[in-house]
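Chain by chain, the residues run as shown.
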Amino acid sequence: MIIFLGDVALISKKMSSQYRPKYPYVFNLEYVIGKQEDYIPKQNKINLYSEESNFDEIFGFNPNAVGIANNHIYDYQDAGFENTISIIEEKQIHIVGTSPCYVSDDLCLMAYMDLGVTCDFSIHRETFIKNIEKLRSQNPNVRIVVQMHWGVEHHPKQSAEQTELAHWLIDNGVDLVIGHHPHCIQPIEQYKGKYIFYSLGNALFGDINQPSHYDENGVSKRKYRVKWQGWSRKSLAVTYDEVTNTVIDVEELYQTKNVLHSTGKKVDMRKITKCYTGKFSKLRYIFRKYYLFFVSNSFVDQKVFDLNALRSEVKKNG
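Here, residues in each chain are numbered from 1, in the same order as that chain's written sequence. Note on the predicted model: pLDDT of at least 70 is required for a residue's local features to be given, and 80 or more for side-chain atom pairs to be given and counted; whole-chain, interface and lining totals, by contrast, use all residues. Calculation of side-chain values draws on the structure's entire complement of heavy atoms; hydrogens and water are dropped beforehand.

### What about the overall build of the protein?
In terms of regular secondary structure, the protein is built from seven helices and 21 strands. Only C-alpha atoms enter the radius of gyration, while the globule expectation follows 2.2 Å times N to the 0.38, with N the number of residues. For 318 residues, the compact-globule formula gives about 20 Å, and the C-alpha radius of gyration of the protein, at 19 Å, lands near that figure. With the C-alpha coordinates aligned to their principal axes, the bounding extent of the protein is approximately 60 × 45 × 40 Å. Looking at the 318 residues of the protein, the share that counts as buried comes to 55%. A sequence separation of at least 24 residues applies to 65% of the contacts in the protein between residues at least 6 apart. Here, Shrake-Rupley sampling with a 1.4 Å probe gives the accessible areas, and only protein chains in the shown set may cover a residue. Summing over all exposed atoms, the protein offers an accessible surface of approximately 15000 Å²; the carbon and sulfur share of this is 50%. For the purpose of counting charges, residues Lys and Arg are taken to be positive, whereas Asp and Glu are taken to be negative. His and the chain ends are not included. Where a charge sits is defined by one atom per residue type, namely NZ (Lys), CZ (Arg), CG (Asp) or CD (Glu). With 38 positive and 37 negative side-chain charges, the protein shows a spacing of 9 Å between the two charge centroids. Here a strand is any run of E in DSSP of at least two residues, a helix any run of H or I of at least four, and the numbering for each starts at the N terminus. The buried label applies to any residue whose accessible area, calculated with a 1.4 Å probe on protein chains only, is under 20% of its type's maximum; exposed applies above 50%, and partly exposed to all values in between. For this analysis, residues touch if any pair of their heavy atoms sits within 4.5 Å.

### Re the sheet that holds strand β8 (residues 101-104)
Backbone-to-backbone hydrogen bonds join strands into a sheet, with any given pair of strands oriented parallel or antiparallel. In space, the six strands of this open sheet follow the order β8-β9-β10-β11-β13-β12, with mixed pairing throughout. In the strand order of this sheet, the two ends are held by β8 and β12 (188-191), each with one partner. Taken pair by pair, the neighbouring strands of this sheet meet at an average axis angle of 25°, ignoring direction. Here strand β11 (residues 176-180) runs beside strand β13 (residues 194-197); their pairing, made up of three bridges, is parallel. Within β13, the position partnered with Val177 by the bridge is Ile196. Here an axis means a line fitted to C-alpha atoms, over the contact stretch when the element is a helix, while the angle between two N-to-C directions is reported on a 0 to 180 degree scale. Together, β8, β9 (107-114) and β10 (143-150) form the strand contacts of helix α3 (residues 125-138), whose direction differs from that of β9 by roughly 175°. Whether two strands pair comes down to DSSP finding at least two bridges between them.

### Some points on the pairing of β11
With five of five residues buried, β11 is to be regarded as a mostly interior element. The alternating pattern of β11 places Leu176, Ile178 and His180 and Val177 and Gly179 on opposite faces, both of which are buried. Judged from the five bridges that link them, β10 and β11 form a sheet pairing that is parallel. Bridge pairing in β11 places Val145 opposite Leu176. By convention a crossover is right-handed if, when the strands point away from the viewer, the path from the first strand over the helix to the second runs clockwise. Since β10 and β11 lie parallel, the crossover through helix α4 (residues 160-171) that links them has a hand, and here it is right-handed.

### Examining the packing of aromatic side chains
Put simply, two rings from Phe, Tyr or Trp (the six-membered ring, in Trp's case) pair if the centres are within 6.5 Å, and we call them stacked under 30 degrees between planes, edge-to-face over 60, tilted for the rest. Going through the model one piece at a time under the given rule, you end up with 17 aromatic pairs. Both rings, one in Tyr39 and one in Tyr76, keep their centres 5.9 Å apart while their planes meet at 45°; by these two values the pair is tilted. Highlighted residues: Tyr39 in the loop between β4 (32-33) and β5 (49-50) and Tyr76 in the loop between β6 (65-67) and α2 (77-90), separated in sequence by 37 residues. Here Tyr195 and Phe197 contribute two aromatic rings whose centre-to-centre distance is 6.1 Å and whose plane-to-plane angle is 40°, an arrangement assigned as tilted.

### Description of the nonpolar core
Definition used in this section: a nonpolar core is a set of buried Ala, Val, Leu, Ile, Met, Phe, Trp, Tyr and Cys residues joined via side-chain atoms within 4.5 Å. Among the nonpolar cores identified, the biggest contains 66 residues, and Phe4, Leu5 and Phe197 are the most heavily contacted of them. Per-element accounting of this core gives the leading share, six residues, to strand β1 (residues 2-9). Residues within four places of Phe4 in sequence aside, it is in contact with Val26, Leu109, Val145, Leu176, Ile178, Leu200, Leu236, Ala237, Val238 and Tyr240.

### A word on a nonpolar patch on the surface
On the surface, Phe280, Leu283, Ile286 and Tyr290 cluster together into a nonpolar patch covering about 440 Å² of accessible area. With respect to the helices, strands and loops of the structure, Ile286 is situated in helix α6 (residues 281-296). Here Ile286 falls in the partly exposed class, since its relative accessible area comes to 36%. Patches in this entry comprise residues that are over 30% relatively accessible and not in a salt bridge; like charges within 9 Å are linked, as are nonpolar side chains (Val, Leu, Ile, Met, Phe, Trp, Tyr) within 5 Å. Definition used for salt bridges: Asp or Glu carboxyl oxygen within 4 Å of a side-chain nitrogen of Lys or Arg.

### Describing the environment of Leu283
By the secondary structure assignment, Leu283 is in helix α6. For Leu283, a relative accessible area of 55% translates into the label exposed.

### With respect to the environment of Ala79
Counting through the fold element by element, Ala79 comes out in helix α2. According to the relative accessible area criterion, Ala79 is partly exposed, its value standing at 42%. For the pair Ala79 and Tyr39, spaced 40 residues apart in sequence, the C-alpha to C-alpha distance is 6.4 Å.

### Remarks on the side chain of Asn47
Checked against the element boundaries, Asn47 lands in the loop between β4 and β5. The class for Asn47 is buried, based on a relative accessible area of 0%. We define a polar contact as two N or O atoms separated by no more than 3.5 Å, with the added condition that, inside protein, one atom must be a possible hydrogen donor and the other a possible acceptor, whereas residues neighbouring each other in sequence contribute only through side-chain atom pairs. Here Asp75 takes part through its backbone oxygen, which lies 3.1 Å from a polar atom of the side chain of Asn47. In this structure Asn47 touches Pro41, Lys42, Asp75, Tyr76, Gln210, Pro211, Ser212, His213 and Tyr214, once residues within four positions along its chain are discounted.

### Things to note about the packing of α3 against α4
Between α3 and α4, the least distance of the axes is 11 Å, while the angle of their chain directions is 30°. On the basis of their axis angle, the class for α3 and α4 is roughly parallel. Packed against α3, whose contacting residues are Arg125, Phe128 and Ile129, the element α4 presents Glu164, Leu165, Trp168 and Leu169 at the interface. Class assignment of the residues belonging to the contact of α3 with α4 gives a composition of five nonpolar, no polar and two charged. To sort the angles, those under 35 degrees are grouped as roughly parallel, those over 145 as roughly antiparallel, those from 65 to 115 as roughly perpendicular, and the leftovers as oblique. Amino acids are sorted into nonpolar (Ala, Val, Leu, Ile, Met, Phe, Trp, Tyr, Cys and Pro), charged (Asp, Glu, Lys and Arg) and polar (every other residue, Gly among them).

Below, the structure is given as structure tokens:
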């Protein structure tokens, strides 16, 4: 048995979890670990970091593995990435990227990013098919789970591109697809008898209040803030049995005041799909996007509103 959680970023103070996984667990590691002053930040992007990596204290024991195929693991360039990897390895936690990673005798994980730009974590389909064929030839009983970092942030529905890629993955031998990145729950689909979780949402992700958008001189042009709202505080915990190749449980989690809780609810996957694929999903996305920006940048630093953040967003969006 293994449990898949959503995005984790221990970037706020005193983060903790009342939820305790019953089995080995995996999550998407969405920040750089270490001291900010030790690194050179990447330019013109949101930069996430924290010195905290006390997963064992928070969840009761360390994760079996963490996914690193995301858009923040290189926020502080190669030095930040390498130090993060070193810290994770010292904890004897498996690191899941594009290379096949066995986390048990018959369970192999891989992680990719598909956000419209080519990068180290992009999925190259011919190479992927060769990897799957090799895994199956070496171990006919292997179960293959792919974690995908994809989709549109805060959108309640997956894109057509996500659906096409998810179906392609299953058509080419993947047993389970686990999605990350949108910071909210997206639909669940059963395709050819196998499950696709388009986004599990934020598992334990602190509000963002960090210097970002650095220039070529290493000077931050703005402080980036996000005060997560209700849709970004819910997430799913997916329990998967690799022996029977079955999703046996989906539990709803909720984060409040930097503490992760279980709601005690077992999720009806059909209802989630119906809820998040309604005809108003695009309007919900637009509301979420602008409401979140307004709330996050109001009454900060003794200002009614952070106009610098507004100017930055206007410039970014043309």
